[in-house]
Each structure stands twice: as C-alpha cells, then as structure tokens.
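Summary of structural features
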Amino acid sequence: MHLVAFGLNHHTAPLAIREKLAFPAELLPEALSSLTAGVANEAAIVSTCNRTEVYCASADPQAALSWLAHYHRVPMAELAPYLYQLDARDAARHAFRVASGLDSMVLGETQILGQIKDAVRVAERQGTMGTLLNALFQKTFAVAKEVRSKTAVGSASVSMAAAAVRLAEQIFPSVSELKVLFIGAGEMIELVATHFAARKPRRITVANRTLERGQRLAERFGGDAILLAELHDALPAYDVVVTSTASQLPIVGKGMVERAVRQRRHKPIFMLDLAVPRDVEAEVAELSDVFLYTVDDIAGIVEVGREARQEAAREAETIIEGRVAEFLDWLRRRDAVPMIRALRDEAERTRRHALEAAMKQLARGDDAGKVLETLSQQLTNKLMHPPTQALARAAGPEHDALVAAIARLYRLHPDA
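Here is a short report on the structure shown in this document.

Attention now moves to the overall build of the chain. Counting secondary structure elements, the chain contains 16 helices and 10 strands. Expected size for 416 residues packed as a compact globule is a radius of gyration near 22 Å; at 31 Å, the chain overshoots this value by more than 25%. Over its C-alpha atoms, taken along the principal directions, the chain stretches across nearly 110 × 45 × 40 Å. The buried share of the chain, taken over its 416 residues, is 45%. Of the contacts made within the chain by residues no fewer than 6 positions apart, 70% connect residues no fewer than 24 positions apart. Total accessible area computed for the chain in this model is approximately 21200 Å², and 53% of it derives from carbon and sulfur atoms. The positive charge centre, built from 50 side chains, and the negative charge centre, built from 52, are 3 Å apart in the chain.

Here the focus is the packing of helix α2 (residues 28–38) against helix α3 (residues 61–72). Interhelical geometry of α2 versus α3 gives an angle of 140 degrees and a closest axis separation of 10 Å. For the element pair α2 / α3, the angle class is oblique. Between α2 and α3 lies a crossing of right-handed hand. Taken together, the residues of α3 that come into contact with α2 (itself represented by E30, A31, S34 and L35) are A64, W67 and Y71. A per-class count over the contact of α2 with α3 returns five nonpolar, one polar and one charged.

Here we take up helix α16 (residues 396–409). For α16, which comprises 14 residues, the first-to-last C-alpha distance of 20 Å matches the rise-based estimate of 20 Å (1.5 Å per residue) to within 8%. Two residues or fewer past α16, R411 is found with a positive phi of approximately 55 degrees.

Position of H72 relative to the elements: it lies in helix α3. Residue classification places H72 among the buried positions, given a relative accessible area of 16%. Counting along the chain gives 59 residues from H72 to T131, while the straight-line C-alpha distance between them is 28 Å. Ignoring sequence-local partners within four residues, the contact set of H72 consists of K20, L21, A22 and F23. In this structure the side chain of H72 is engaged in a polar contact, spanning 3.2 Å, whose partner is the backbone oxygen of K20.

Moving on, we get to the environment of R209. Take R209: it is sitting in the loop between β6 (203–208) and α10 (211–220). Note on R209: relative accessible area 56%, which makes it exposed. Spatially, the C-alpha atom of R209 lies 7.5 Å from that of G184, the residues being 25 residues apart in sequence. Once residues lying within four places of it in the same chain are set aside, the contact partners of R209 are L227 and L228.

With that settled, consider the pairing of strand β10 (residues 290–294). Here β10 shows a clear split, with V290, L292 and T294 buried on one side and none of F291 and Y293 buried on the other. Taken together, the five bridges between strand β9 (residues 269–273) and β10 define a ladder with parallel strand orientation. Pairing of L272 across the sheet is with Y293, part of β10.

The next point concerns a nonpolar patch on the surface. Taken together, M384, L409, Y410 and L412 make up a surface patch of nonpolar side chains, about 430 Å² in accessible area. Following the sequence through the fold, L409 ends up in helix α16.

This part covers the layout of surface pockets. Looking at the largest pocket, its volume works out to about 1100 Å³. Lining the largest pocket we find 38 residues, and of these A25, S47, G186, T245 and A246 sit closest to its centre. No other element matches helix α6 (residues 111–126), which puts six residues into the lining of the largest pocket. Residues that form the lining of the largest pocket fall into these classes: 20 nonpolar, 12 polar and six charged. By volume, the second largest pocket amounts to about 460 Å³.

Hydrogen bonds between backbone atoms are what pair the strands of a sheet, whose relative direction is either parallel or antiparallel. Strands sit in the order β7-β6-β5-β8-β9-β10 across an open sheet of six strands; the sheet is parallel. Looking at strand neighbours, the two that pair on one side only are β7 (224–227) and β10, the edges of this open sheet. For this sheet, the mean angle separating the axes of adjacent strands, direction not counted, is 20 degrees. Relative to β7, β6 runs parallel, the two being bridged by four bridges. Counted as the bridge partner of T205 is D224 from β7.

With that settled, the discussion passes to the sheet that holds strand β1 (residues 2–9). Ordered in space as β2-β3-β1-β4, the four strands form an open sheet in which the pairing is antiparallel. On the outer flanks of this sheet lie β2 (42–47) and β4 (84–86), each paired with one strand and no other. Averaged over all pairs of adjacent strands, the angle between strand axes in this sheet comes to 15 degrees, irrespective of strand direction. Of the pairings in the sheet, the one linking β2 to strand β3 (residues 51–58) comprises six bridges and is antiparallel in character. Opposite A43, over in β3, you have C56 as the bridge partner.

Another point: the side chain of Q111. Relative to the helices and strands, Q111 is located in helix α6. Judged by relative accessible area, which is 15%, Q111 ranks as buried.

With that settled, the discussion passes to the packing of aromatic side chains. Under the criterion given, the structure shown has eight aromatic pairs. A ring pair is formed by F182 and F196, whose centres lie 6.0 Å apart and whose planes are at 65 degrees; its orientation type is edge-to-face. Of this pair, F182 sits in strand β5 (residues 179–183) while F196 is found in helix α9 (residues 187–197), placing the two residues 14 residues apart along the sequence. Look at F182 and you get buried, because its relative accessible area is 0%. Overall, F196 belongs to the buried group, its relative accessible area being 0%.

Definitions and limits used
- Residues numbered from 1 in each chain as written.
- Predicted model: local features only at pLDDT ≥ 70, side-chain atom pairs only at ≥ 80, totals over all residues.
- Heavy atoms only, no water.
- Helix = DSSP H or I, 4+ residues; strand = E, 2+ residues; numbered from the N terminus.
- Rg over C-alpha atoms; globule rule 2.2 N^0.38 Å.
- Buried < 20%, exposed > 50% of the residue type's maximum accessible area, 1.4 Å probe, protein only.
- Contact = heavy atoms within 4.5 Å.
- Areas by Shrake-Rupley, 256 points an atom, 1.4 Å probe, with all protein chains shown as cover.
- Lys, Arg positive; Asp, Glu negative; His and termini not counted.
- Charge placed at Lys NZ, Arg CZ, Asp CG, Glu CD.
- Axes fitted to C-alpha atoms, helices over the stretch in contact; angles between N-to-C directions.
- Parallel < 35°, antiparallel > 145°, perpendicular 65-115°, else oblique.
- Left-handed = near helix turned anticlockwise from the far one by under 90°.
- Nonpolar A, V, L, I, M, F, W, Y, C, P; charged D, E, K, R; others polar.
- Expected span 1.5 Å × (residues − 1).
- Polar contact = N/O pair within 3.5 Å; in protein donor to acceptor, adjacent residues only side chain to side chain.
- Pairing = 2+ DSSP bridges.
- Patch = residues over 30% accessible without salt bridge, like charges linked within 9 Å, V, L, I, M, F, W, Y side chains within 5 Å.
- Salt bridge = Lys/Arg side-chain N within 4 Å of Asp/Glu carboxyl O.
- 1 Å grid on protein atoms, 1.4 Å probe; cavity = no way out; pocket = protein on both sides within 12 Å on 5 of 7 lines; lining within 4 Å.
- Points joined across faces, edges and corners; volume = space filled by probe spheres on them.
- Phe/Tyr/Trp six-rings, centres within 6.5 Å; stacked < 30°, edge-to-face > 60°.

Structure, rendered in structure tokens:
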C-alpha cells in the first residue's frame, strides 16, 4: 500500500482547469466512497478555490489518479499538463508546506489549515481515514502549529479578503460611499465582509440560497439579506458584488449584468468572483463599466509584503524538512512490522519444536543435563542455519552486503 498525493493548484493550473476538478462540499462524501470502493484503501480530498488535492493509500497510485479524471469526466490528456503526483516523501513535505501557508497564493495565510482540517473531518465521518492518513495529517497539524509558533511566516500577510477591498478602492474614491452585495454566506464571504465592514460602506446585503443563514451573517455587519431568487432585480442597486458559493453553474450571467449596467446608467460595478467553479460567467468581463476579477486576478496584490516573509519561510522550510524525515522514519518502522512479526513467528516455531522434543526425552527418563545440552545445540543450529546458508551461497557485492548486515545485526567485529 503506497501513500500518495496528487492534484493541481494555482501554481500549476489556471482557473479554467481548476474549476473542472473542484469538489463541492455536498459531493465530497460520495467522492470519497467512490475512490475507496475501488482503487484506494484510505482517502481524503482537499478542494478549495486554489487547489484540488487527493491524499490516499493505494496499491495502484496510477489507477487512483485516473479515478480523478474519470470522476469529473475530463480526459486525462487534458489534465496531464497540470497535474502533480507525489510519493510518500513528497506528499508529506507538500502537506506540511500547504498547511503552514507556504504553498498558498497568500504566503503565510491561515485559512488553508482550517480547510484541511475540514477535509479530514469529512473523511473521518465517511470512514475513509486509516492508519497512514491519520498519521500524515496529525503530523501535518503539528508541523503547521510549530511553524506558526517558531517563525514569522504569517506576519504582515495580505489576505485575499484585504485584497478585495484594495481592488475596490482602486476603482471607487471611497468604500464608505458604496453599496456592497455579498453572494453566499460561507467562510470566504465572511472574511471579505469583515474587511469591507471595517470601511463602513453605505449598505451591506447578503444574498444566499437560504434566507436564515444569510440573515445571520448580515446581522453581524448591520446589513440585510435577500434570497438568490431576488438577485436579478436587486443587482442594479449595488456598486460592489463579491461572490463565493458552491454552485456548479454560474449564478450571475452576462444578460443579468448587462441589464443592471443599463439601469445604473453605466455607473461602474466592481465584481469579485472568488468561487471555483466560477459564479460569474466569464463573458461578463467583456461588458463596459464592469470590472470583473477572479481569484487568479488578485494574485499580484497579495504579493505585497511577500519579500518581508521570505526569510521566515526559509526558516519554516528547515523545520519542515526535519519533520518529513521523522515521518519517513515512522513509515519505515511501520513497513518493517510484517517482517518483524514473521521473524518472531519463525523463531517461536523453532523454539516450540525443540521444546517438544526435549519434553519427550525427559518423559522417557533421559538425563536432564544431556536433554538441556541437546536443546541448546538444536536451538543454536536452527537459528544460525539461515544466515550461515545465505552467506555460503552469496558472492560478490551481495556477499559483502550480507557480511555487513550480519555484523551489524549481531554486533560482531570479526576483524578485531
């Protein structure tokens, strides 16, 4: 069984490809069951706006990789240029780096750690976590905590939420004069809404599929809530639209925005689509007076302050390399368990057979001293036969390797 990780992220694939492999939260349990029903014994899936990654224990890693393409009905030839596949060492290093914020669009950001923990909780509920992945992710969380506590990698980071406000301020003189509409009520929207609310915009509205959840979020910022069904009529009233839902199809179409622009008499609209797959049709970007940005478009803004964190990142990489070595040591010890068990079983069979023979001799009235002498000789001969025979049959480099191994195992110094 091999520990592997595979997937793609914002470094390797554009948004148009990433959205094809995204896993909506409601489909994750089914996807995990599908993967573990066929080609993997253990599995966890991390799916965010910036990455889709599968961590699994599988006897056939290539089949697991093919499952990803088959599940999303995307030809492997189309995905291959963007995918990475990592063995145990690289999978551990990658997981540690991701959880520590070193692989994020925002260097040092903390949101990804929570997203990984959510992915693990889903896998645990679905029963697809096992010994390998439990060990990997427990180590991952410990490494992320250590990096946060011992380095300044997360200091002065510019989050995507803060970048959203900066973008709006490049288009409009003051956020305090704007009406802001948030579509969705998840964690990302909550983060962005917090940053906008700090600038005290004229109005904040949350549009959500369920009114109750939208109202709970809106009340935190002194705003109001509407249903997604009301979006068509409500859109013209807003200067800023930020959207991040789990919808598999666009919520905001070109026709809807075109109508809104006409009703606004071509007053600009700033739109930020943080969803993967996208909530806003890509064609909306073609409209005049509409400034549409996606998660990939704000990468340049979040680079601000990155240089100040590079030294801390190097310190974090040193910590991670040490922890990768520890995890690989655990894997090696774990892999040796079946061999150790087999060795002990063989020794126990040898002991038991010799003891049975000795007991029969004692039952016949044989001298106890001679029986014990014979028993010790039999045990010695049987236990020494396999290494002695192997040495006698080996030649060349194999013989030298066996000599070195036996000397180490038995702590021998034949040349002394």
